[in-house]
Amino acid sequence: MTPFRLEDRFGRVATDLRVSLTDRCNLRCTYCMPAEGLDWLPDDVTLTDDEVVRLITVAVERLGVDEVRFTGGEPLVRRGLVDIVARTREAGERLGRPLELSLTTNGLGLARTAASLAAAGLDRVNVSLDTVRAETFAEITRRDRLHDVVAGLEAAAEAGMTPVKVNAVLLRDVNDDQAGELLDWCLERSYELRFIEQMPLDAQHGWSRSTMITAEEILERLGRTHTLTPAVEPRGSAPAERWLVDGGPATVGVIASVTRPFCGDCDRVRLTADGQVRTCLFAREESDLRTAMRAGADDAELADRWVTAMRGKAAGHGIDDPTFLQPDRPMSAIGG
Ligand code: SAM
Ligand code: SF4
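Before going into details, it helps to say that this report is about the structure given with it. Values in this document were obtained by computation on a predicted structure and should not be read as measured data.

Counting 101 residues, the largest nonpolar core has Phe70, Leu129, Phe195 and Trp306 as its most contacted members. A per-element tally of this core places helix H1 (residues 49–63) first, with eight residues.

Another aspect to go through is helix H4 (residues 134–141). Along H4, the positions that sit buried rather than exposed are Thr136, Phe137, Ile140 and Thr141. One side of H4 carries all its buried residues, which in axial view fall inside an arc of 115 degrees. Its buried side turned inward, H4 meets helix H5 (146–158). Where H4 terminates, the next one or two residues include Arg142, which has phi positive at roughly 65 degrees.

Reading across from one edge, E9-E10-E11-E8-E7-E6-E5-E4-E3-E12-E13-E14 is the order of the 12 strands in this open sheet, with mixed pairing throughout. Of all the strands in the sheet, the pair left with one neighbour each is strand E9 (228–230) and strand E14 (287–288). Helix H6 (residues 179–188) contacts strand E7 (165–169), strand E8 (192–196), strand E10 (241–245) and strand E11 (251–255) of the sheet and is inclined by roughly 150 degrees relative to E8.

Taken together, 18 residues form the shell around ligand 1, and within it Tyr31, Gly73, Glu74, Ser128 and Met199 come nearest. Side-chain polar atom of Tyr31 to an oxygen atom of ligand 1: 3.1 Å apart, as the coordinates give it. Residue Ser128 places a side-chain N or O atom 2.5 Å away from an oxygen atom belonging to ligand 1. Here ligand 1, which alone exposes 540 Å², has 96% of that area covered by the protein.

Quick look at the pattern of salt bridges now. Scanning the entire structure with this criterion turns up 28 salt bridges. Taking the shortest distance from any N to any O, the salt bridge between Arg24 and Asp43 comes out at 3.9 Å. Linking Arg24 in the loop between strand E3 (16–20) and H1 with Asp43 in the loop between E3 and H1, this pair joins segments that are 19 residues apart in sequence. With a closest N to O distance of 4.0 Å, Glu217 and Arg221 form a salt bridge. Highlighted residues: Glu217 and Arg221, both in helix H7 (residues 215–223), separated by four residues, approximately one helical turn. Arg221 gets classed as buried once you look at its relative accessible area, which sits at 11%.

Let us now look at the side chain of His226. By the element assignment, His226 lies in the loop between H7 and E9. Not counting residues up to four positions away in its chain, the partners in contact with His226 are Gly180, Leu183, Asp184, Leu187, Val245 and Asp246.

Before going further, it helps to spend a moment on the site of ligand 2. With respect to spatial proximity, the complete set of residues near ligand 2 consists of Cys25, Leu27, Cys29, Cys32, Met33, Gly73 and Asn106. Considered class by class, the residues forming the shell around ligand 2 number five nonpolar, two polar and no charged.

Turning our attention to the environment of Glu286. Position of Glu286 relative to the elements: it lies in the loop between strand E13 (276–278) and E14. You can call Glu286 partly exposed: its relative accessible area is 30%. Note: C-alpha distance between Glu286 and Thr272 (14 residues apart in sequence) is 9.5 Å. The residues touching Glu286, leaving out its near neighbours within four places in the chain, are Gln276, Val277, Arg278 and Arg329. Polar side-chain contacts of Glu286 include one of 2.6 Å to the side chain of Arg278. In this structure the side chain of Glu286 is engaged in a polar contact, spanning 2.5 Å, whose partner is the side chain of Arg329.

What counts and how
- Each chain carries its own residue numbering, running from 1 in the written order of its sequence.
- Written order decides the labels, with chains lettered from A and ligands numbered from 1.
- Whole-chain, interface and lining totals are the exception, using all residues; otherwise, since this is a predicted model, local features are given only for residues with pLDDT of at least 70 and side-chain atom pairs are given and counted only at 80 or more.
- Values reported for side chains reflect all heavy atoms of the structure, with hydrogen atoms and water molecules removed beforehand.
- Put simply, a nonpolar core is a bunch of buried Ala, Val, Leu, Ile, Met, Phe, Trp, Tyr and Cys residues held in one set by side-chain atoms that sit within 4.5 Å of each other.
- Think of it in three bands: with a 1.4 Å probe and only protein chains considered, a residue is buried below 20% of the maximum accessible area for its type, exposed above 50%, and partly exposed in between.
- The numbering of helices and of strands both runs from the N terminus, where a helix is a DSSP run of H or I of at least 4 residues and a strand a run of E of at least 2.
- This arc is built from the directions going out from the helix axis to the C-beta atoms.
- Note on contacts: a residue pair is in contact if any heavy atoms of the two residues lie within 4.5 Å.
- When DSSP locates at least two bridges between a pair of strands, those strands are taken to pair.
- An axis is simply a line fitted to the C-alpha atoms; with a helix, the fit covers only the stretch in contact. Between two such axes, the angle follows the N-to-C directions and lies from 0 to 180 degrees.
- By convention in these notes, a residue is near a molecule or strand provided one of its non-hydrogen atoms lies within 4 Å of it.
- In protein, a polar contact means a hydrogen-donor-capable atom and an acceptor-capable atom, both N or O and within 3.5 Å, with residues adjacent in sequence counting only if both atoms are side-chain atoms; elsewhere, any N or O pair within 3.5 Å suffices.
- Calculation of accessible area relied on Shrake-Rupley with a 1.4 Å probe; when residues are assessed, cover is drawn exclusively from the protein chains displayed.
- In the sections that follow, a salt bridge refers to a side-chain nitrogen of Lys or Arg positioned within 4 Å of a carboxyl oxygen of Asp or Glu.
- Under the convention adopted here, Pro, Cys and the residues Ala, Val, Leu, Ile, Met, Phe, Trp and Tyr are nonpolar, Asp, Glu, Lys and Arg are charged, and Gly plus all remaining residues are polar.

What follows is the structure, given as structure tokens:
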């Protein structure tokens, strides 16, 4: 079997697969979805555990993927998660190529599952936490569950999935005055904090450039309480720019997808919970592997379709382009 590579027209090679396991979620972050939730994907179009594992295996065995991140929606609400992680780990081991496996989660229920996930072969977790104040947490997520996230983070560290990373979004006049406080809280616990610029991917189409907190503003807020100096190591394809905090060794990251795009170094490709390949968060086109798979396509044909999909990857997300249109799928249905 000759392995293909997921190479696009601009010479970028995707080796990092983001797999959305569900579009459902038990929080309602204001920058992500409306209070009433969304019209979730029907069960019959959602990939089964076997189908997800099969497509991941095609990507690993035939397409050179060496890193898999499970996301959603909220991946911890997917019942088969531990089994999917274990079977993905096995797919890598069969090839003698250890995969890097990670999870992006809101942390609810992680206290219960962290040990099993680690035992199944999960290496790392990124937990989303925008504030350590209970009232601000409830305002942003519309749920009073801060304590669950804190317990989930502790369990992840105890299970050895370190360094535990924390993802935060700052919202103007909601939590943008709490950046330094969140950083201190993370430093005390040895969690690696990264701030993400808010992107035009919310289901309500409420994003506005004029109100988003830019990377420059994030650094200014952090600079009120800490001294930041650029970390010297090359960033490679990592989305976060890292800064040493108060001389280091601790660091803080900023993912400036909007104001300092890093599309030229992108090594990611996405698979949605209903089996569509997306070459970019902001892509307006998808390639349907589910229908092909259910119609009887063999692994070679699925790999071939995936390679073809990659040829359509755009050079950049184009948020600054006057013709930019937000994709129809929101972040929660793409897999962040
Ligand atoms: N539910 C999980 C979570 O919250 O971590 C995984 C999915 S969520 C879509 C993945 C990440 O995307 C989270 O860190 C979340 O804060 C971030 N996110 C969601 N909507 C966003 C937006 N409009 N702009 C920037 N980041 C966003
Ligand atoms: Fe759910 Fe994650 Fe979206 Fe928040 S950001 S509503 S936790 S999918």
